[in-house]
Amino acid sequence: MDFPKILTAHMDDPDVRTLEGYVRVGGYEALRMALQELSPEDVLQRVKDSGLRGRGGAGFPTGLKWSFVRQAKGDPKYVVVNADEGEPGTFKDRVIIDHKPHMLLEGTILAAYAMGAREAYIYLRWEYPAQYRILEQAIREAYEHGYLGERILGTAFSLDLYLFRGAGAYICGEETALLESLEGKRGEPRLKPPFPAQAGLYGKPTAVNNVETLASVPAIVKHGPEWYRSFGTEKSPGTKLFNVSGGVKNPGTWEIPLGSITLRELVFDLAGGPREGRTILGIIPGGLSTPILSEEEWDTPLDYESMAARGTFLGAGSVIVVDDAVPLPTLVRRAVEFYAVESCSKCTPCREGTAWLTRMFRKLEEVGGHGEDRQILDKIIRYMRGKTFCPLGDSAAMISQAFLEKYEDRLFVHVASPGSR
Ligand SMILES: Cc1cc2nc3c(=O)[nH]c(=O)nc-3n(C[C@H](O)[C@H](O)[C@H](O)COP(=O)(O)O)c2cc1C
């Protein structure tokens, strides 16, 4: 299968990591053109017309978010790059930073120009020390060559970009917890509304965008929205990075026009299908927080709407393939335990619910379960669904529900009689 390369163009050339190499393949041309020929409104309009949707998980239209920030009352305005990438199974942003850090910087500068921001921040996952050094170097180069700082490329536009390291908490990927953390506070989600576009960093209008979202912007500005819309579907335009990990022969990252292939084609044709002697039981399509799909659902196209129609999400496009190498009760217990450990504890249904889910799945793992356990699990899930500040607890409940609905026979393997407990 031959796909267009937008985000991944020239990624096999190690020089593209440097400013010189990036400029040699046309890098920063979009920024130069925008600053010299386009107004901030023109840049925003291009992003709006492209139909680009946020690649951090929720798929919110990027141009719309930017227009909220641009129109919001309050000064200064901020752009914050969400490079926390803490969702299990997700490593697409790392691929961008590793190979083309300047593409991210160029997209961030364009975003700031479009929204009238004078300062931008990159919030980087603590566990990415190598990427910290890559970004540090890229930012230094950009300042030295006049792409950041005062009067960028000799124009009236100025921008400072700061690199900030998180402290290793998954919840700090959630945009409002991220902002709390960036302000030096404990990383706990804020109640929304107000949304960050109205009251974000230090209470000022802020666009929080994912790495891949911003990295997609230079090509959109350079080639125009119609060109971008020629890839993907009407409601999910453009290309997207897909990570595949878990039970496949050939794990990796692919750039694919949205909706152009199915989940099955990605896993079996591109990622090589099951490992020797193993059977694939299910596929988690968008990172651990997205409900698993069983075999009859694998022919779903990889776009936002098709996944939503299946009751799951495209999420960050991070596919985790579940095979029979690990007993399913153990796998699900590990998954829900992740949420229990990472819950910030602000909301009781999340703090208590994730702990109880872990206990219950540990019981299924160690001594088996029976009908009463199933009823208790259903009650815990009902107690958690939709009752938290952020979707962390909800995700744990939702994925548990999907596993229970689709794999009950594998989860309740050693059905014990009530008296034998
Ligand atoms: C628990 C949790 C963790 C999240 N982690 C990330 C993350 O690591 N990176 C990211 O871009 N978005 C993450 N998000 C989504 C962000 O809250 C937000 O929607 C995103 O940064 C917006 O950017 P986008 O519109 O460009 O997608 C997370 C959300 C939740 C609820």
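Thresholds, definitions, all that
- Residues numbered from 1 in each chain as written.
- Predicted model: local features only at pLDDT ≥ 70, side-chain atom pairs only at ≥ 80, totals over all residues.
- Heavy atoms only, no water.
- Pairing = 2+ DSSP bridges.
- Helix = DSSP H or I, 4+ residues; strand = E, 2+ residues; numbered from the N terminus.
- Salt bridge = Lys/Arg side-chain N within 4 Å of Asp/Glu carboxyl O.
- Buried < 20%, exposed > 50% of the residue type's maximum accessible area, 1.4 Å probe, protein only.
- Phe/Tyr/Trp six-rings, centres within 6.5 Å; stacked < 30°, edge-to-face > 60°.
- Lys NZ or Arg CZ within 6 Å of the ring centre and 35° of its normal.

This part is about the sheet that holds strand β7 (residues 280-284). Reading across the sheet, the 5 strands line up as β6-β5-β9-β7-β8 and stay open at both edges, with mixed pairing between neighbours. With partners counted over all chains shown, the strands left at the sheet margins are β6 (252-257) and β8 (293-294), one partner each. As paired elements, β7 and strand β9 (residues 318-323) share 4 bridges and run antiparallel to each other. In the sheet register, I280 faces β9, and the bridge partner there is D323.

Okay, the pattern of salt bridges next. One pass over the structure, following the stated rule, counts 31 salt bridges. Between R125 and E127 there is a salt bridge, with the nearest N and O atoms lying 3.2 Å from each other. We classify E127 as partly exposed; its relative accessible area is 39%. For E180, the salt bridge is made with R190, and the minimal N-O distance between the two is 2.7 Å. In this pair, E180 is assigned in helix α8 (residues 175-182) and R190 in the loop between α8 and β4 (206-210), connecting sequence segments 10 residues apart. The exposure classification of E180 matches that of R190, with both residues buried.

A few words now on the packing of aromatic side chains. Here a ring pair, both rings aromatic, is described through the centre-centre distance and the interplanar angle of the planes. Here the structure, examined in full by the defined rule, presents 14 aromatic pairs. Through a chain of ring-to-ring contacts, three or more aromatic side chains come together here, namely Y78, Y121, Y162 and Y202. The aromatic ring of Y128 is capped on one face by R125, whose charged end is 5.5 Å from the ring centroid. For R165, the ring lying beneath its charged end belongs to Y132, and the centroid distance is 5.1 Å.

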